[in-house]
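Here are the chains, one letter per residue:
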Amino acid sequence: MTIVHIACKNLLRKKVRSLLTMFGIALSAWVLISLFGFNAGYESSLNRDIDSLGYQVLVTAKGCPYEAATLMLKGGTGLRYMPQRIADAIAQESEVEAVTAMLMHTVFDPNKGESGGYSAYLGVDPTTFPKMKPFMEFMHGGWFTQPDALEAVLGYEAAELEQREVGDLLLITEKNIEVKVVGVLKRTGTQDDGTIFLPLRTVQQIFGVTDVLTGIGVKLKHEADITRFEEKMYRLPDVQVVTMSQVKQTIMTLVTTAKVIVLSIALIAVLISMTGVMNTVLMSVMERRQELGILKALGATSLDIFMLIWLETFVLCVLGSCFGAVVAVTTSALTDMLVRNILPYAPRGGLMQISMPLVVMTVGTVTGIGLVSGIYPSWQAGRVRPLDAIRSQEE
Amino acid sequence: MHAIRPAMMLGLVLFSVFGMIEGSFAAVGCDLNDPDRDVARLFPGATGYKTIYVSIERRGGPELLKNIEERLGDSFRGIYETIDVPYTIYEIMQGTERIGYIHGVNAKGQYGGIQVFLALDLNGVIQNFYFQKLTSRFGKELRSHNFGAQFIGLSLKDFYHYNVVTGMLDGNSTAARITNPVPEAEADFKATLRAVKKNLILMDEFVYGNRYLHYCMTCRAQERR
Amino acid sequence: MPQQHGQVLTAECVSKLYRRGSEQVAALNDVSLTVNRGEILACVGPSGSGKTTLLNILGCLENPTSGRVKVYEQIIVDEKKRLSEWALTKIRRQVFGYIFQKFYLIPTLTVSENVMLPFVFYRKHDAPADVDSILRFVGIEHRKYHLPVQLSGGEMQRVAIARALVNKPSVLLADEPTGSLDSTRTEEIGELFKQLCRTEGIAIVLVTHNLHFAQIADRIIELRDGKLSRPS
């Protein structure tokens, strides 16, 4: 028989109370794991969303309209070019994860409207562009078969307007060249919906503008400082920089806010749990003063009694937090669903990311905090004098 | 609460950035690019117009779609000719008096979408014809005045003789006088006639109270209903 | 610490004063006595006469206000000296066994576990054999796996005695050991005490109201208002 054995048997004496205390600890562990799991999941989902925004920086030739709408307002004119080698230079920068080169070209179509109109074609690199836009999904078909194929991929609205489906033909009127539609994208809610994509080399060849670009999409590494990178880009001659740093900043603010809220709630949960543990153990010590006194009379030192009560707290905390961890893991899908319903904006992907280190860390933390809470009651128990037990017998 | 409010606001900002990605969008309709200018040009004498939006889905649902397809003699095809397409009808006014309508539909041409607008009088007779959009090697010929003028004076009654699937016209029909100016543009020509017939049927359903229904030879069942 | 010579416990001019509000009450007043090896000393007297206080002071559970207490030749407390809590614990472990009227068995532990309890704190490893022999000695070996709630009052007191004996004490301090027992069980416990003195040479100090039970003692002292009215 050991002191652990006695501690465990003591816990069994008041089963309901021990269970309720354990349940309280389990609840804290569950809340902590769920909160931190949510925090981790939320952050990584938001990061994934940032990734899915594609490139965060668009470098264009100075004065070149970078939005299709602006281009159309300018009557399809005003495109400016920059040499293709700038894309290679940008790719060498340490902050850069990937770059994709783009060439926009417009043609006049006399049969559009009463007095003609412009059609815009965006030449994209079939190897790098799709990776930059991971959120793009095809409704039908896929990307180009060759880097210089006479093929087109249409954004949803472009396809709708042109009534094009995979296999249909498009006519580049000015050049009288037919291209085959190989893919129609699903809606993205961006200007890509109204875009007709052609392979970059095809656009360069058709319009005779080799080795020039109108835009370079730049995807930065997660840790990169966008502002510093922007400043670097401005040092390049004749380029302008359009960044989405505002969006990233907003997302990061949201992540930080979520973290603060999560930590506040976690702190409250921990405080409640600490108070609960302290209260229960202290109550148990008060009830067993006589018995503790007798143990002392039987030869137990103050340290023995302290250890006995502390062990009881430890067993409660370990069992409670393990149970809480199991509940948190098994109900994570349900929590995910509930949180998703509450949040005004929930990023795509799993909101709960409960990892083994998180579980171990939480069980350890809750147990540690429980043990700290158990110090005072254990110390009180250790101070019980044997005489108290005998006196209370006489009362 | 104070901590949650900015979070919700940020959430809404994010929703506006990402949320619309999976939002719902209506199908594309067919509007005049410059209504003020186009109405005056297509309907000389017009002093104003009102815009009415209708869709088959809201007006009668799948049953109406079935009836329209029966009258057209063809089913709505492709992923863009759907029940929820919004149709814009321009009600043309001369002072306070209504004098006609302008309505356009999208059609699938050989190289792209075709937008066919018709100006109609109060009886559903074509007053003017306009290709707002057409991508074709023979755009010039198809958009010529002579081609469009062939439609003037015709109504839905005449187009019931045109089979949109085979492209055959009953010789006795007035519509038979419409000729294709360029044989190579056959696909766009057929698409145009189908668009005109569809345009007129929709207008008969939406505006004229099906006054041309009894001319439809294939629509006996509907008439009985 | 245990030695073979005569005096095991000595109390010299021991007084204990309590404060009850503004009033000072003398629980013990100038009490002197000795306890010898292998003898039974009974302390009788009416309630509040200071019997339990005397037992607590002799058993190093409580300090006197004045006077001297010695265990064998070691001074536990006098005017100049008072042992530390740790030293007192060591003496309690080595010298004394305690028996209480209400037994104070741990309800969640079996008979043998209750008896073994002191070993847990002494960290001795030869416990099981000792426990078995002591349980046999007090005649309760057959109940070793039972819980206290399954025992009769007499059996529980036997377990309490076994627990007090498990560390082979020199002195057994028993406070109203038969207070919760009927006359038959009281007789049995009396016999057991006498046997302990004879075979083990243990000194027993017992406090009791029961004058009949006190007759098992070699000497009887009587306390009245904290003073010895019948000298030892």
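Above this text you will find the structure in question.
It should be emphasised that the depicted structure is a prediction, and the values quoted were computed from it without experimental measurement.

## Let's talk about the packing of helix α3 (residues 111–122) of chain C against helix α5 (residues 153–165) of chain C
All names here are of chain C. Put simply, α3 and α5 touch, their axes get as near as 7 Å, and they point 30 degrees apart. When the axis of α3 is compared with that of α5, the two are roughly parallel. Considering how the two elements wind past one another, α3 and α5 form a crossing that is right-handed. Contacts from V111, N114, V115 and P118 of α3 reach α5 at V159, A162 and R163. Classifying every residue of the contact of α3 with α5 by side-chain character gives 5 nonpolar, 1 polar and 1 charged.

## Things to note about the pattern of salt bridges
Residues and elements named next belong to chain A. For the structure shown, the criterion picks out 37 salt bridges over all chains. Residue E291 is joined to R13 by a salt bridge in which the shortest nitrogen-to-oxygen separation is 2.6 Å. Placement of E291 in helix α10 (residues 289–297) and of R13 in helix α1 (residues 3–13) is noted, with a sequence separation of 278 residues between them. Judged by relative accessible area, which is 13%, E291 ranks as buried. Taking the relative accessible area as the measure of exposure, R13 reaches 26% and is therefore partly exposed. Here the residues in one salt-bridge network are R13, R288, E291 and E312, joined through shared partners.

## A short note on the nonpolar core
Judged by nonpolar contacts, the single largest core of 83 residues is most densely connected at L295 of chain A together with L33, L54, V71, F96 and V171 of chain C. With 9 residues, the top contributor of residues to this core is helix α9 (residues 245–287) of chain A. Non-local contacts of F96 of chain C, meaning those with residues more than four positions away in its chain, are made with L9, L58, G59, C60, V71, I91, N167, P169, V171 and L173 of chain C.

## What to know about the environment of G45 of chain C
All names here are of chain C. If you trace the backbone, G45 turns up in the loop between β3 (40–44) and α1 (51–58). A relative accessible area of 14% means that G45 is categorised as buried. In the structure, G45 is positioned 162 residues away from V207 in sequence and 8.6 Å away in space, judged by C-alpha atoms. Discounting residues that sit within four places of it in the chain, G45 has contacts with K51, T208, H209, E222 and L223.

## Concerning the sheet that holds strand β2 (residues 23–36) of chain C
Residue and element names in this part refer to chain C. The antiparallel open sheet is built from 4 strands, whose spatial order is β2-β1-β4-β5. Bordering the open sheet on either side are β2 and β5 (74–77), each of which pairs with just one other strand. For this sheet the average axis-to-axis angle between neighbouring strands, irrespective of direction, equals 25 degrees. Relative to strand β4 (residues 66–71), strand β1 (residues 7–20) runs antiparallel, the two being bridged by 5 bridges. Each residue of the ladder has a partner; that of T10, found in β4, is K70. Lying over the sheet, α1 contacts β1, β2 and β4, oriented at roughly 55 degrees with respect to β2.

## With respect to helix α4 (residues 61–72) of chain B
Think of an α-helix as 3.6 residues a turn; residues three or four steps apart then line up on the same face. All names here are of chain B. For α4, which comprises 12 residues, the first-to-last C-alpha distance of 17 Å matches the rise-based estimate of 16 Å (1.5 Å per residue) to within 8%. Among the residues of α4, G61, L64, L65, N67, I68, E69, R71 and L72 are the ones counted as buried. In the segment just after α4, G73 is the residue with positive phi, at about 80 degrees.

## Points about the interface of chain C and chain A
Listed per partner, the contact involves 28 residues of chain C and 26 residues of chain A. Together, the buried faces of chain C and chain A total about 2600 Å²; carbon and sulfur atoms form 65% of this surface. In terms of surface lost to chain A, no three residues of chain C exceed Y104, T108 and F121 of chain C, which account for 24% of the buried area on that side. Counting across the interface, chain C meets chain A through 2 salt bridges.

## Overview of the packing of aromatic side chains
Two aromatic rings, taken as a pair, are described by how far apart their centres are and by the angle between their planes. All names here are of chain A. What the rule picks out here adds up to 23 aromatic pairs over all chains. Centroid distance W143 to F197: 6.1 Å. Interplanar angle 75 degrees. Geometry classified as edge-to-face. One end of the pair, W143, is in the loop between β5 (138–141) and β6 (151–154); the other, F197, is in strand β9 (residues 196–199), with 54 residues separating them in the sequence. By relative accessible area, which is 0% here, F197 ends up buried.

## With respect to the sheet that holds strand β1 (residues 48–54) of chain B
Residues and elements named next belong to chain B. Spatially, 5 strands are ordered β1-β2-β3-β4-β5 in an open sheet, and the strand pairing comes out antiparallel. Strands with a single pairing partner mark the edges of an open sheet, and in this sheet they are β1 and β5 (126–133). Averaged over all neighbouring strand pairs, the angle between strand axes comes to 20 degrees, with direction disregarded. Packing against the sheet, helix α2 (residues 35–42) makes contact with β1, β2 (87–94), β3 (97–108), β4 (113–120) and β5, and its axis sits at approximately 145 degrees to β5. The sheet contacts of helix α8 (residues 186–206) involve β1, β2, β3, β4 and β5, and relative to β4 the element is tilted by about 45 degrees.

## A word on the packing of α10 of chain A against helix α11 (residues 302–330) of chain A
Residue and element names in this part refer to chain A. Two elements in contact, α10 and α11, have axes whose closest approach is 9 Å; the angle formed by their N-to-C orientations is 135 degrees. Between α10 and α11, the angle falls in the class oblique. The interaxial crossing formed by α10 with α11 has right-handed handedness. For the pair α10 and α11, contact is made by L292, L295 and K296 and by S302, I305, L308 and I309, respectively.

## Focus on the pairing of β4 of chain C
Residue and element names in this part refer to chain C. Pairing of β4 with β5, which is carried by 3 bridges, proceeds in the antiparallel orientation. Across the sheet, K70 pairs through a bridge with I75, a residue of β5. Between β4 and the antiparallel strand that follows it, β5, lie 2 residues; Y72 among them carries a positive phi value of about 50 degrees.

## Brief notes about a nonpolar patch on the surface
All names here are of chain A. A cluster of nonpolar residues, L334, M337, L338 and I342, forms a patch on the protein surface that exposes about 430 Å² of accessible area. Looking at the secondary structure, you find L334 in helix α12 (residues 332–342). Among the residues examined, L334 registers a relative accessible area of 48% and is labelled partly exposed.

Reading guide: rules and limits
Residues numbered from 1 in each chain as written. Chains lettered and ligands numbered in written order. Predicted model: local features only at pLDDT ≥ 70, side-chain atom pairs only at ≥ 80, totals over all residues. Heavy atoms only, no water. Axes fitted to C-alpha atoms, helices over the stretch in contact; angles between N-to-C directions. Helix = DSSP H or I, 4+ residues; strand = E, 2+ residues; numbered from the N terminus. Parallel < 35°, antiparallel > 145°, perpendicular 65-115°, else oblique. Left-handed = near helix turned anticlockwise from the far one by under 90°. Contact = heavy atoms within 4.5 Å. Nonpolar A, V, L, I, M, F, W, Y, C, P; charged D, E, K, R; others polar. Salt bridge = Lys/Arg side-chain N within 4 Å of Asp/Glu carboxyl O. Buried < 20%, exposed > 50% of the residue type's maximum accessible area, 1.4 Å probe, protein only. Core = buried A, V, L, I, M, F, W, Y, C linked by side-chain atoms within 4.5 Å. Pairing = 2+ DSSP bridges. Expected span 1.5 Å × (residues − 1). Buried area = accessible area lost by both parts, 1.4 Å probe. Phe/Tyr/Trp six-rings, centres within 6.5 Å; stacked < 30°, edge-to-face > 60°. Patch = residues over 30% accessible without salt bridge, like charges linked within 9 Å, V, L, I, M, F, W, Y side chains within 5 Å. Areas by Shrake-Rupley, 256 points an atom, 1.4 Å probe, with all protein chains shown as cover.

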